[in-house]
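# Inside the fold
Next come the chains, spelled out residue by residue.
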Amino acid sequence: MSKGQGRKQAILGLIMVSPSFLLLLIVVVLPIAQSFVVSLREESGGIGLGRYAYLFEDKGMRDNLIFTLRITLVSCALVLAVSYAMALYMRFSDGRLVDWIRRTYMIPLFIPGVIATYGLMNLLGNHGWLSRFLLVFGIELPRIIFDQKGIIIANLWFNIPFATMLLSSAMAGIPASVIESARDVGAGKLAIFFRVIFPLSFKTFLVALTFVFMGVIGSFTAPFLLGPNAPQMLGVSMEQIFGVFREREQAAALAFFTFLLCSALGYFYIRSMAQEEASRS
Amino acid sequence: MSLQLSVRDVTKRFKTGEGVTGISLDVTKGELVTLLGPSGCGKTTVLRSIGGFLKPDSGDILIEGRSVVALPPEKRPTSMVFQSYNLWPHMTVYENLAFGLKIRKLPKAQIREAVADALRLVQLPNSEKKLPGQLSGGQQQRVALARSLLLKPAVLLLDEPFSALDAKLRQEMREELREIQTQTGLTMVFVTHDQEEALALSDRIVVMNHGHIEQAAAPRHIYDRPSTLFVARFIGKMNFLEGVVEGSGIRVGPFVLPNEDRIEGETLVGVRPEDVILKAAEAGEGMKGLIKQIMVLGHYAEISVELEGGGTVRSFQPKDAVRELTAGQQVAVAFTKSIAYPKIGDN
């Protein structure tokens, strides 16, 4: 390739990435930077990290943080366990049941969040269908709605289809032949799972984990409609600080802190991708 | 020689109608048997049944006198080398090789030594740390072979292992495999559709067609005395001439050729190109014909002669013998050896 041609291609490449880069800049990078600047304004008028200190010093805020992290971790664990099991089942079994699961598991993706949440309230609420049904047998349903259980159940509903879709495609990418050769050298089901299937789908597992984590930690609709009044998830708390208490700076600090939490996971994700690239070249 | 593998009356039919019927095969210890046939003849079905990846509809498979037909692949004393290598892409060469030994709970030092030995055997020493993706096709297949050899299987199964490699490498791998077999004394069942490969490698060739065995014999025997028309067509090159039974022989043109199998009615007479002699036309004897084409194929030449009575005969001649021959020249053709088959309608 001649020098001129190389430069032409470089310019063309820049032109082609610039729309997405500009979009990223305007929609993501600038607001984050702006939030950070805003969050540095102290209540007393000076500049400092007081808003961030508040997040840990205030008991209510601390509870919100722990509550959010707990719900996120429990949701991630449950979503990935269920999705992984479903993806495995769909990959290695066949029959009518599998066909049905394959056809229907993505339906929740097509139902708007607010409507699904409303449905959950009707189903699981204090006087909902489930409690009325169980009452016939004399069983009293524990409180699910306006409790962390409600938020977690909603997270399962919202996240399982997408995570399953990702993991299924990873499973489909594992050729039957490498499993055959593993059986041939004497590997049983467990050894095949831990030494062949899991390592070969680990990358996608990490992608799914990242998506679920980000989705849950920043969720608003479900925790707002289904969660308890206190403690709150960060999204709900942010809205309250911003809309009810009208403390723009404090809300910005919380937003930026949430962004940092997500970037921590993003860092692990990118690092593992980079390792993969390095081992390949 | 003791019996190492015994396939007894195995039948396996797929929904598509393909499969094998009534396959019986005995392999003695240390023997290398090739299953040879066109694609779809059922050779891989037999191999996969022995390996445990297919469950036969009926029949039994015995390894060292023990029935294995009910066992899954992981419990069978067999090991398979696959056409597509089937290495685990996320494991290094060392991990690929050590996997089976770890499952057998061998001590680490012993595994390390065994892996190094196996890699030396397949001529890939010091490649433990590489990933399969960093190796060429031939090297990957060597690793796959080493992986199977390490497990010291009672029967080593090879499913067209070299068919994805280029011709030169294929030949090298063939020689290496033969050497490994003499060194280790392993019993091997080798599937291929390449008759040259089968002839080069095997102690015994089993020619299969449409799900049954056509002939099972030593390569020499198969080549010299193919027992059916299919085998005669499939193995090596063969000229076919129509003949008529006449007395105790078969008349083809001016010749009366022997009829050893006492065939009646219409016959097809097969003659290997190397058993075709060309003489000057003036000699008078033989079938007259014109030389159509001369192709020099290395140390020998293939000459096609169009016979006066119709039909073409191919002859192999040493490359020096064809110097005096030219296309269009008239020659007389004679045969030193022939074999006759009854003519069947669809052939």
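Because the structure is predicted, anything quoted here is derived from the model rather than measured. (Residues numbered from 1 in each chain as written. Chains lettered and ligands numbered in written order. Predicted model: local features only at pLDDT ≥ 70, side-chain atom pairs only at ≥ 80, totals over all residues. Heavy atoms only, no water.)

Turning our eyes to something else, we now look at the interface of chain B and chain A. Between chain B and chain A, the contact holds 24 residues from the first and 17 residues from the second. Summing both partners gives a buried area of about 1800 Å² for chain B against chain A, and 57% of it is carried by carbon and sulfur. Across the chain B-chain A interface, the total number found is 2 salt bridges. Glu74 of chain B is the partner of Arg183 of chain A in a salt bridge, and the nearest nitrogen-oxygen pair spans 2.9 Å. The tally of links from chain B across to chain A stands at 10 residue pairs in polar contact (both at pLDDT 80 or more). Breaking the side of chain B that touches chain A down by element, the ones donating at least two residues are strand S6 (78-81) and helix H2 (93-103) of chain B. Broken down by element, the side of chain B that touches chain A gets its largest block of residues, 4 residues, from H2 of chain B. Taken together, the residues of the side of chain B that touches chain A break down into 13 nonpolar, 6 polar and 5 charged. (Contact = heavy atoms within 4.5 Å. Buried area = accessible area lost by both parts, 1.4 Å probe. Salt bridge = Lys/Arg side-chain N within 4 Å of Asp/Glu carboxyl O. Polar contact = N/O pair within 3.5 Å; in protein donor to acceptor, adjacent residues only side chain to side chain. Helix = DSSP H or I, 4+ residues; strand = E, 2+ residues; numbered from the N terminus. Nonpolar A, V, L, I, M, F, W, Y, C, P; charged D, E, K, R; others polar.)

Following the UniProt record, one finds the feature "domain: ABC transporter" (unreviewed entry) at residues 5-235 of chain B. From the first C-alpha to the last, residues 5-235 of chain B spans 25 Å; its make-up is 37% helix and 25% strand. (UniProt positions renumbered as here; feature names shortened; annotations may be inferred.)

Our next topic: unusual backbone geometry. The omega torsion across Ala230 of chain A and Pro231 of chain A is -5°, close enough to zero to call that bond cis. Examined against the element boundaries, Pro231 of chain A turns out to sit in the loop between helix H10 (221-226) and helix H11 (234-244). Positive phi is not limited to glycine here, since Lys105 of chain B has a value of about 60°. Along the chain, Lys105 of chain B falls in the loop between H2 and helix H3 (108-121). If you check the backbone angles, Lys152 of chain B has positive phi at about 45° while not being a glycine. Residue placement: Lys152 of chain B occurs in the loop between helix H4 (137-150) and strand S7 (155-159). For Lys152 of chain B, a relative accessible area of 69% translates into the label exposed. (Buried < 20%, exposed > 50% of the residue type's maximum accessible area, 1.4 Å probe, protein only.)

Here the focus is the sheet that holds strand S2 (residues 19-28) of chain B. Residues and elements named next belong to chain B. Read from one edge to the other, the open sheet built from 4 strands follows the order S2-S1-S4-S5, with strand pairing classed as antiparallel. The open sheet terminates on both sides in strands that have one partner only, identified here as S2 and strand S5 (66-67). Where strand S4 (residues 58-63) meets S5, 2 bridges bridge the pair, whose relative direction is antiparallel. In the strand pairing of S5, Leu62 is matched with Ser67. (Pairing = 2+ DSSP bridges.)

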